[in-house]
Amino acid sequence: MATKQWSSTAPAADFRPYVGAEETVAEFSLRAVILGSLFGVLFGAVSVYVGLRAGLTVSASIPIAVLSISILRAFGRSTILENNIVQTTGSAGESVAAGVIFSMPALIFLGFSLNAEYWRIFFLALMGGWLGVLFMIPLRRQLIVKEHGNLTFPEGTACADVLVAGERGGSFASRVFWGLGLGGVYTFCMNTLGLWPSQPDYQPKWLPGASFRANVTSEYLGVGYIIGPRVSGTLFAGGVISWLVIMPAIKFFGSLSGNVALYPSTIPIGSMTPDQLYGSYIRSIGAGAVAASGLITLIKTMPTIISALTAGIKDIRAKQAAASAAVVNRTERDMSMRVVLVGSAVIIAMVWALLKFKPIPGAMTSGFADFLAAIFVVTFGFLFVTVASRISGLIGNSSNPISGMTIATLMATCAVFLVIHWTSTADQVLALTIGGVVCIASAIAGATSQDLKTGYLVGATPYWQQVALVIGVMVSSFAIGGTLILMNIGLAQYKPLQIALDIDHLQPGVDIQERGYTYQGKTYVLVNALGSHEVPDGKYLYDPSTKEIEVQWVQGIGSEQAAAPQARLMATVISGILNQRLPWRLVFLGVFLVIAIELLGVRSLPFAVGSYLSIATTMAMFAGGLVRWLAEQGLEKKSDAESEVSPGSLYASGLIAAGGVFGLLAIVLNLMQDPELSKHVPHWLAFVLRLPWPEKMFAFGDKIPVFSHAPGVGVLLFVLLAISLFVSARKKLNN
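Residues numbered from 1 in each chain as written. Predicted model: local features only at pLDDT ≥ 70, side-chain atom pairs only at ≥ 80, totals over all residues. Heavy atoms only, no water.

Participant: What's the story with the overall build of the protein chain in this structure? I'm lost.
Facilitator: Counting its regular elements, the protein chain contains 26 helices and seven strands. Taking the contacts inside the protein chain whose residues are at least 6 apart along the sequence as the reference set, 80% of them involve residues at least 24 apart. Only carbon and sulfur atoms are counted for the fraction: they give 65% of the accessible area of the protein chain, which is about 28,700 Å². (Helix = DSSP H or I, 4+ residues; strand = E, 2+ residues; numbered from the N terminus. Contact = heavy atoms within 4.5 Å. Areas by Shrake-Rupley, 256 points an atom, 1.4 Å probe, with all protein chains shown as cover.)

See below:
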């Protein structure tokens with residue numbers, strides 16, 4: 001088999017899979033499923049961590065394939081089809097995580113608690129993931145087989161090249177392990193031990209309101225390298241416009257307003273720090289920019305949407321007509337259409353049951369509304385699964401406008417709700433449930449189509465890949481909800497402040513959520529603000545004795561450390577249509593900014609995301625893109641598939657995994673030492689985190705403040721990490 005001639009890019013007439021349909025090769029083995037499931041849990045958790053912080057995720061298929069080849073080889077002879085099952089099962093974690101983090105954290109921004117919603121997140125991830133896999137089954141022949149040569153599926157093709165290279169004796173895993181090892185040591189020393197600052201910051205007096213800062217983490221460096229200089233540069237351009245142009249302009253002109261606070265801020269602009277300017281004004285502008293760019297991207301792909309739907313429906317009919325064929329080759333065997341139909345009916349029932357019998361407290365709706373939501377989920381799910389799969393084949397999964405499709409779903413749903421006067425808080429959650437499941441289904445569909453393309457190229461059995469995806473979705477869903485809640489609790493902060501509030505006569509946008517909330521031995525009233533002219537958006541602790549808000553409870557998700565821009569956008573769309581309580585002038589500033597960028601011929605989606613994120617995130621990712629540009633100087637131009645398996649990309653994948661794993665470890669260790677935060681942890685984790693751990697047992701940085709508080713040290717070590725990435729990128733792989 002090692003000597004056979006094979007090419008992943010051979011024309012349709014000449015193409016032959018690496019493993020022929022007549023060959024019998026070990027494929028769906030127990031060890032492959034177990035290893036793939038473990039990778040699904042690991043990369044699902046890492047994708048949640050990185051995605052909430054960076055605002056985007058990167059494909060996990062190639063690093064999983066590389067690691068699988070090495071690990072299975074250590075346990076004896078493995079086959080290329082076993083390794084394909086591992087990466088198929090494992091990659092489900094990354095794609096489900098992307099759909100979840102783009103939508104589910106919107107619960108926080110709508111004023112609900114996420115910390116007690118583990119099982120809700122699990123079931124929504126499970127339903128969305130299974131829906132995406134099921135709806136891809138009737139589309140496989142049309143998109144993967146018949147369109148071979150027309151739809152490139154870049155990530156899937158690159159992954160097939162990696163699997164074949166591993167089958168022929170190539171070994172790339174050492175490059176991933178080097179990135180994982182060095183990135184792990186770097187992240188542990190910075191985040192857990194606190195030996196140097198993770199975010200050097202310079203606020204120039206010559207440009208008030210501006211801030212030059214970078215979050216010097218290994219995962220941002222790795223993400224920037226993988227997405228490349230063009231996309232990372234566009235992201236950074238958005239950050240430059242927000243932090244170095246708009247914010248100083250707001251500070252300059254707003255200072256002339258004296259002591260008058262301008263909505264949505266509740267304090268005068270002249271007294272605001274860069275962080276306050278960002279939270280009060282830039283996020284609204286950025287939300288408008290992301291919404292507009294998502295819709296523009298969707299409109300631009302409308303011809304593709306129409307052709308994909310038409311082709312998908314035709315293929316379903318053709319497949320039904322050919323269903324009576326007596327013999328089906330191994331490489332053509334899919335799950336039956338009966339599974340698709342029954343599975344869809346089961347998912348409708350699951351959505352209805354979840355909304356009916358386990359509603360979010362304060363968000364109970366009627367049985368008819370719950371059934372309508374379930375029908376919307378399946379209808380929009382089929383529409384956008386078809387679209388996401390075809391677009392993934394044309395331009396790659398990383399460029400799929402998932403957020404744009406979700407916005408379209410939410411706008412259509414909210415428009416229907418508005419017409420029939422469903423505008424309550426409960427209806428907002430209902431709309432989010434529909435959008436969330438569709439978002440997850442669209443995300444998994446794009447990744448599933450890439451996996452099925454890899455399988456088609458190497459000669460896998462589609463049926464076993466589809467079974468592996470169903471398993472991968474279910475296993476990774478267990479880790480995703482826990483990681484989401486862990487980050488929300490572990491990154492939370494309690495900040496003292498004073499805001500007078502008449503709790504007996506609350507203005508629109510401020511609601512009481514809990515009257516007996518205990519913090520540091522004192523009982524408060526927990527209030528939530530969303531779209532209020534009195535209190536900035538957020539959760540607060542009100543003291544009845546002083547009649548003032550005394551503490552702000554900053555949720556981990558939504559903070560600068562985990563901005564979750566897409567989820568905030570979902571909440572903005574829902575609240576804007578149903579409540580009509582938005583700073584529309586700021587939102588429209590973002591909309592027209594994106595229109596100007598599109599007229600300049602620049603892809604607006606990465607620019608819009610960059611304008612929303614902190615410049616600390618985009619500057620660090622731009623550093624990774626810059627390293628890639630420098631590393632590729634003087635080298636021959638490679639194809640997209642080759643660039644996906646370059647030595648630098650593999651090393652960068654290790655850096656991303658290290659940042660995610662050790663970043664989550666730092667959060668867990670922080671919870672172990674903070675009783676106020678750990679009391680919000682679900683009961684199944686509490687027995688570990690509430691043990692009497694020594695206070696500040698890992699805070700070694702406090703003993704050497706000359707290093708731990710010196711921004712220059714953080715910058716220097718980040719530069720050294722970037723140099724290691726450059727050296728690895730220039731060093732050839734040992735094939």
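Participant: What should I look at first to understand the sheet that holds strand 7 (residues 548-554) in this one?
Facilitator: Two orientations exist for strands paired in a sheet by backbone hydrogen bonds: parallel and antiparallel. Strand order in the open sheet formed by five strands is 3-7-6-5-4, and the pairing between neighbours is antiparallel. Both outer strands of the open sheet, strand 3 (493-500) and strand 4 (510-519), are each paired with one neighbouring strand and no more. Within this sheet the neighbouring strands show an average axis-to-axis angle of 30 degrees, counted without direction. (Pairing = 2+ DSSP bridges. Axes fitted to C-alpha atoms, helices over the stretch in contact; angles between N-to-C directions.)

Participant: Looking at this model, I keep getting lost on the environment of A369. Mind explaining?
Facilitator: Note on placement: A369 falls in helix 13 (residues 367-395). Taking the C-alpha atoms as reference points, A369 and F417, 48 residues apart in sequence, are found 9.8 Å from one another. Not counting chain neighbours up to four residues away, the residues in contact with A369 comprise W422 and L430.

Participant: How should a nonpolar patch on the surface be read in this particular structure?
Facilitator: A contiguous nonpolar patch, built from L626, W629, L630, V715, L716, V719, L720, I723, F726 and V727 and spanning about 870 Å² of accessible area, is present on the exposed surface. Only helix 20 (615-631) and helix 26 (711-730) provide two or more residues apiece to the nonpolar patch. The element best represented in the nonpolar patch is helix 26, accounting for seven residues. With respect to the helices and strands, the residue L626 is situated in helix 20. On the accessibility criterion, L626 (38% relative accessible area) is partly exposed. (Patch = residues over 30% accessible without salt bridge, like charges linked within 9 Å, V, L, I, M, F, W, Y side chains within 5 Å. Salt bridge = Lys/Arg side-chain N within 4 Å of Asp/Glu carboxyl O. Buried < 20%, exposed > 50% of the residue type's maximum accessible area, 1.4 Å probe, protein only.)

Participant: Whenever I open this one, the packing of aromatic side chains confuses me. Can you help?
Facilitator: Any pair of aromatic rings gets described here by the distance separating the centres and the angle formed by the planes. Considering all chains together, one arrives at 26 aromatic pairs under this definition. Relative to F622, the ring of F236 has its centre 4.9 Å away and its plane inclined at 15 degrees; by these criteria the two rings are stacked. Remark: F622 occurs in helix 20 and F236 occurs in helix 9 (residues 218-254); sequence separation between them is 386 residues. In this structure F236 comes out as buried when scored by relative accessible area, which is 16%. An aromatic cluster is defined as three or more aromatic residues linked by ring pairs; in this entry it consists of Y118, W119, F122, F123 and F478. (Phe/Tyr/Trp six-rings, centres within 6.5 Å; stacked < 30°, edge-to-face > 60°.)

Participant: Quick question: what am I supposed to make of the nonpolar core here?
Facilitator: Soluble globular proteins tend to bury their nonpolar side chains together. In this structure, L52, V100, L484 and M487 are the most contacted members of the largest nonpolar core, which totals 201 residues. Sort the elements by how many residues they give to this core and helix 15 (residues 425-458) lands first, with 16 residues. Setting aside chain neighbours within four positions, we find L484 in contact with V48, L52, V100, I101, M104, P105, L114, I121 and I557. I499, I503, V510 and Y542 belong to the second largest nonpolar core, which has 11 residues in total. (Core = buried A, V, L, I, M, F, W, Y, C linked by side-chain atoms within 4.5 Å.)

Participant: What should I look at first to understand helix 15 in this one?
Facilitator: Three or four residues apart is the spacing at which side chains of an α-helix point the same way, because the helix has 3.6 residues per turn. Spanning 34 residues, helix 15 covers 50 Å between terminal C-alpha atoms, matching the ideal 50 Å at 1.5 Å per step. The buried fraction of helix 15 amounts to 33 of the 34 residues, a majority that puts the element mostly inside the structure. G459 occupies a position one or two residues after helix 15 and carries a positive phi of about 90 degrees. (Expected span 1.5 Å × (residues − 1).)

Participant: Honestly, the pattern of salt bridges in this entry has me stumped. Any pointers?
Facilitator: When their charged atoms lie close together, side chains carrying opposite charge are able to pair. Counted according to the given criterion, the structure contains 12 salt bridges. The salt bridge involving R53 is made with E219; its shortest N-O contact spans 3.3 Å. In this pair, R53 sits in helix 1 (residues 30-54) while E219 sits in helix 9, placing the two residues 166 residues apart along the sequence. For R53, a relative accessible area of 6% puts it in the buried group. Given a relative accessible area of 1%, E219 falls into the buried group. The salt bridge involving R141 is made with E332; its shortest N-O contact spans 2.5 Å. Here E332 lies in the loop between helix 11 (302-321) and helix 12 (337-357) and R141 lies in helix 6 (residues 140-146), a separation of 191 residues in the sequence.

Participant: Sorry, what's going on with the confidence of the model for the protein chain here?
Facilitator: If pLDDT is low for a region, its predicted coordinates should not be looked at in detail. The predicted model of the protein chain has a mean per-residue pLDDT of 82, with 86% of residues at 70 or higher. Every residue in residues 639-643 scores below 50 in pLDDT, and together they form five contacts with partners more than four places removed in sequence or on other chains. (pLDDT = per-residue confidence, 0-100.)

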